[in-house]
Amino acid sequence: MIEPERPITRLLIAHGPAERRAGDRLIWAFDERLAQIVRATTQPMIGQMRLAWWDEALGDASAARGRGDPLVDAIRAEHIAGMPGLARMLDGWEALLEDGEPGDDAMAAFAAGRGEGIFGALARVEDPPAWLAAAGRLWALWDLSGHLADARARARAVTLGRAEVEAIRAARWPRDWRALRIATALALHDVSREQAAAARLTPAVYARLVRIALAARWRTTIG
């Protein structure tokens, strides 16, 4: 079984619908694979070629491209290769293939691609409602803020994330989207306080995640 590496991701998967967890694991593992490509890239063109390989593999109707790669094979076996959200995630990660820390435009493109893409894929909807798209962008910017080396870039990611808050505060979350609600609440906690995400799962973040998860069992709104 392919499992995502990030502990926080595994905790979120555990709060998703049982019947979707196999697909959710692969969506998150795909996201981690794209992150690894971007982190390892020193020349943008090489990174674009690696992302293009994934785009071709997911879109290959003959299922020949990429055959033998465990993640590609698993995604095809789970019948999620054609999810529009996966292609959007590719576009989002590609926006970070530039020298130095990303600027506002790159961060916005990243949030729209990765955030809207992964939230749409995890929700299993082709066209996410506006508030869910905003939640995806907020989460992506918050998560990005925890991985940027430059303090000014971290602050800009948080500021861009704050612009999404009002669109999602009154959202009503279906029970099947509980994991997304938890991820959004984690981001809201930090962004509303103008602070970046922690770079790793600290005991304080874990305790907050547990509290939010417990509350999510009884509430369907974020306020």
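See the structure printed just above.
Procedures and definitions
- Sequence order as written defines the numbering, with residues in each chain counted from 1.
- In keeping with the predicted nature of the model, local features appear solely for residues at pLDDT of at least 70, side-chain atom pairs appear and are counted solely at 80 or more, and the whole-chain, interface and lining totals rest on all residues.
- To obtain the side-chain values, all non-hydrogen atoms of the structure were included, while hydrogens and water were left out.
- Axis lines are fitted through C-alpha atoms, for helices just across the contact stretch, and the angle between N-to-C directions can take any value from 0 to 180 degrees.
- Helix and strand definitions here come from DSSP, where helices need a minimum of 4 consecutive H or I residues and strands a minimum of 2 consecutive E residues; each element is numbered from the N-terminal end.
- Roughly parallel covers angles under 35 degrees, roughly antiparallel covers those over 145, roughly perpendicular covers 65 to 115, and oblique covers all other angles.
- Each helix crossing is assigned a hand: it is left-handed if the near helix lies turned anticlockwise from the far helix by less than a right angle, otherwise right-handed if that turn is clockwise.
- Contacts are assigned to residue pairs with any non-hydrogen atoms lying within 4.5 Å of each other.
- Residue polarity follows a fixed list, in which Ala, Val, Leu, Ile, Met, Phe, Trp, Tyr, Cys and Pro are nonpolar, Asp, Glu, Lys and Arg are charged, and the others, Gly among them, are polar.
- Working definition: with a 1.4 Å probe on protein chains only, accessible area under 20% of the residue-type maximum means buried, over 50% means exposed, and in between means partly exposed.
- Nine residue types can take part in a nonpolar core, namely buried Ala, Val, Leu, Ile, Met, Phe, Trp, Tyr and Cys, and a core is a set of them joined through side-chain atoms within 4.5 Å.
- For Phe, Tyr and Trp, where Trp contributes only its six-membered ring, two rings pair if their centres lie within 6.5 Å, and the inter-plane angle classes them as stacked under 30 degrees, edge-to-face over 60, or tilted in between.

A. Inspection of the packing of helix α6 (residues 104-123) against helix α7 (residues 130-145) at higher detail. Between α6 and α7, the shortest axis-to-axis distance is 7 Å and the interhelical angle comes to 120 degrees. On the basis of their axis angle, the class for α6 and α7 is oblique. Crossing hand, α6 versus α7: right-handed. Contact residues: Met107, Phe110, Ala111, Ala112, Arg114, Gly115, Glu116, Ile118, Phe119 and Ala123 in α6; Leu132, Ala133, Ala135, Gly136, Arg137, Trp139, Ala140, Leu141, Asp143 and Leu144 in α7. A class-by-class count of the residues in the contact of α6 with α7 yields 14 nonpolar, two polar and four charged.

B. A look at unusual backbone geometry. With phi around 60 degrees, Ala63 is a residue other than glycine that occupies positive phi space. Within the secondary structure, Ala63 sits in the loop between α3 (44-59) and α4 (70-77). Of the residues examined, Ala63 reaches a relative accessible area of 26% and is grouped as partly exposed. The residue Arg124 is not glycine, and still its phi comes out positive at about 60 degrees.

C. Broad picture of the nonpolar core. Grouped together as the largest cluster of nonpolar side chains are 67 residues, with contacts concentrated most on Ile27, Phe30, Trp54, Ile75 and Leu86. Of all the elements, α7 adds the most residues to this core, at 10 residues.

D. Summary view of the packing of aromatic side chains. Under the criterion given, the structure shown has seven aromatic pairs. With centroids separated by 5.4 Å and ring planes inclined at 80 degrees, the aromatic side chains of Trp53 and Trp54 adopt a geometry described as edge-to-face. The exposure class of Trp53 is partly exposed, given its relative accessible area of 27%. Taking the relative accessible area as the measure of exposure, Trp54 reaches 3% and is therefore buried. For the ring pair Trp131 and Trp177, a centre distance of 5.9 Å and an interplane angle of 50 degrees mean the geometry is tilted. Here Trp177 lies in the loop between α9 (165-168) and α10 (178-191) and Trp131 lies in helix α7, a separation of 46 residues in the sequence. Three or more aromatic residues joined by ring pairs form one cluster here, namely Trp28, Phe119 and Trp139.

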